[in-house]
Amino acid sequence: MEDYVLNDHNKEEFPPAHTAEHLLNQTMIRLFGCERSYNAHIERKKSKMSFYIDHKPTRQEEKEIERQMNALIEDDLPVTFEYVTQDSLPEGISLDRLPSDASETIRLVRIGDYDVCPCIGKHVRSTSQIGRFEMLGTNWDEHNRSFRVRFKIV
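Before going into details, it helps to say that this report is about the structure given with it. (Residues numbered from 1 in each chain as written. Predicted model: local features only at pLDDT ≥ 70, side-chain atom pairs only at ≥ 80, totals over all residues. Heavy atoms only, no water.)

**Remarks on unusual backbone geometry**
Excluding glycine, residues mostly have negative phi values, and the peptide bonds linking residues are mostly trans. Even without being glycine, Asp76 reaches a positive phi, approximately 55°. Position of Asp76 among the secondary structure elements: in the loop between helix 2 (59–74) and strand 3 (79–85). Taking the relative accessible area as the measure of exposure, Asp76 reaches 37% and is therefore partly exposed. (Helix = DSSP H or I, 4+ residues; strand = E, 2+ residues; numbered from the N terminus. Buried < 20%, exposed > 50% of the residue type's maximum accessible area, 1.4 Å probe, protein only.)

Here is the structure:
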């Protein structure tokens, strides 16, 4: 298949950390029933993602995030791409975060049966190529009910 430029993309991701971003989004959704991160800065050296959740996670819940992330990485899930039109999206896929001028054709990124979302970034071919997920720390903002996870990929 030829490479098509569907939408302009203004950043060069570090594929292991960017793929881990997808895993962490889905892990938080499954553990806390929240939405995908509302703020993410994904970098080679360290990354941070923020989520609106209903309570401050316990130390055990924080350890469970890290445990699940490393289990998913070890599971060596395949990372695949699928091209669909905006009007034929699979159920549960939201276009809320796409730019208003997004192309009619959307690239979905699938990580095994664990996560699927629209994305034009660079990814590893399978989760075992990510490395190890290391949580560096967290912050809880009680007023905004916001939980920030700081992590690096080793």
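**Describing the side chain of Ser126**
Along the polypeptide, Ser126 turns up in the loop between strand 5 (115–118) and strand 6 (133–141). Aside from chain neighbours lying at most four places away, what touches Ser126 is Asp76, Leu77, Pro78 and Val79. (Contact = heavy atoms within 4.5 Å.)

**Looking at the packing of aromatic side chains**
A full pass over the atoms with the stated rule returns 2 aromatic pairs. For the pair Tyr38 and Tyr52, a centre-to-centre distance of 3.9 Å together with 5° between the ring planes defines the contact as stacked. Here Tyr38 is found in the loop between helix 1 (15–32) and strand 1 (39–41), whereas its partner Tyr52 is found in strand 2 (residues 47–52), with 14 residues between them in sequence. We classify Tyr38 as partly exposed; its relative accessible area is 36%. (Phe/Tyr/Trp six-rings, centres within 6.5 Å; stacked < 30°, edge-to-face > 60°.)

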